[in-house]
Amino acid sequence: MKTTFRILALALVLVCAFSCMIACSKDGDAVDYIIYSDNSFPPFEFYDEETKAYIGVDMDILAAVAADQGFTYEVKNEGFDASMGAVQSGQADGMIAGMTITEKRAETFDFSEGYFADGQILVVKAGSDIASFEDLAGKTVAAKTSTQGAEYAQSMANEYGFTVVFYEDSPTMYTAVINGTNDACIEDRSVVGWAIKEESLELTTIGEVINPGYYGFAVKKGTNPELIEKFNAGLASIKANGKYDEILAKYGY
Ligand code: GLN
């Protein structure tokens, strides 16, 4: 009898200890939000070999907003199209990826206030004969899946007689233009500007900015309104306290 009791008591203690372990470790690791981002979109998000971490304007703004608003998060830098999918499927609570706020996207996403102004631009290899959209007849134009650049390229393809070729990330798209696989690409001006200036890529921009707009933080439409509120409140406070300007200055703005 005594032995049975001891075994039962021991079993109870073990069960309690084990369930506490699960609960505790869950609490310890849990973050408030899972945020997705692009995997290579400098200066907004890019892998830093020195610190072995993702850095950039978006990463710093998110960190500053989270610190200001007191929430925890984990970023998964999976790519732009993957981020849009993760937000729509509920795998991610939100995304920050140099994502342009558009009316069409607002049908399926809720956006924060804009935090950075930029638009797209036509890009060719340095020294190319192509000087305008008119020169693209019969040529191929690279674009990143699901981006505004891709949407614009598709909308112009018939008129100018070029074919759009899709890539999942900016570096692969640039390589395709530099090595001659494609004749041009469409990319956000500040991002290709960084690639030319900081990475000395043999690319050059042509003409004016297309579709100027604002980048925003996004959640799936109708979900997480509190996260949009926190982002907006945090953004307002880092704009007021100088942190926002400090972040932009760090990346040359
Ligand atoms: N700003 C562009 C868009 O929203 C590109 C974003 C990106 O490539 N990360 O489509």
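Caption draft 1: Layout of the packing of helix α2 (residues 57-69) against helix α8 (residues 243-250). In the contact formed by α2 and α8, the axes pass within 10 Å of each other and the chain directions differ by 160°. One element, α2, and the other, α8, form an angle in the roughly antiparallel class. Relative to α8, the crossing made by α2 is right-handed. Within the contact between the two elements, α2 uses Val 57, Asp 60, Ile 61 and Ala 64 and α8 uses Lys 243, Tyr 244, Ile 247, Leu 248 and Lys 250. Among the residues making up the contact of α2 with α8, the classes are represented as six nonpolar, no polar and three charged.

Caption draft 2: Quick peek at the packing of aromatic side chains. For the structure on display, the rule yields 17 aromatic pairs. Here the aromatic rings of Phe 44 and Phe 116 are separated by 4.9 Å at their centres, their planes lie at 75°, and the arrangement is edge-to-face. Of this pair, Phe 44 sits in the loop between β1 (33-37) and β2 (46-48) while Phe 116 sits in strand β7 (residues 116-125), and the two are 72 residues apart along the sequence. Centroid distance Tyr 115 to Phe 231: 6.3 Å. Interplanar angle 55°. Geometry classified as tilted. Residue Tyr 115 is located in the loop between β6 (109-111) and β7, and its partner Phe 231 is located in helix α7 (residues 225-240); the two are separated by 116 residues in the primary sequence.

Criteria and thresholds
Residues numbered from 1 in each chain as written. Predicted model: local features only at pLDDT ≥ 70, side-chain atom pairs only at ≥ 80, totals over all residues. Heavy atoms only, no water. Axes fitted to C-alpha atoms, helices over the stretch in contact; angles between N-to-C directions. Helix = DSSP H or I, 4+ residues; strand = E, 2+ residues; numbered from the N terminus. Parallel < 35°, antiparallel > 145°, perpendicular 65-115°, else oblique. Left-handed = near helix turned anticlockwise from the far one by under 90°. Contact = heavy atoms within 4.5 Å. Nonpolar A, V, L, I, M, F, W, Y, C, P; charged D, E, K, R; others polar. Phe/Tyr/Trp six-rings, centres within 6.5 Å; stacked < 30°, edge-to-face > 60°.

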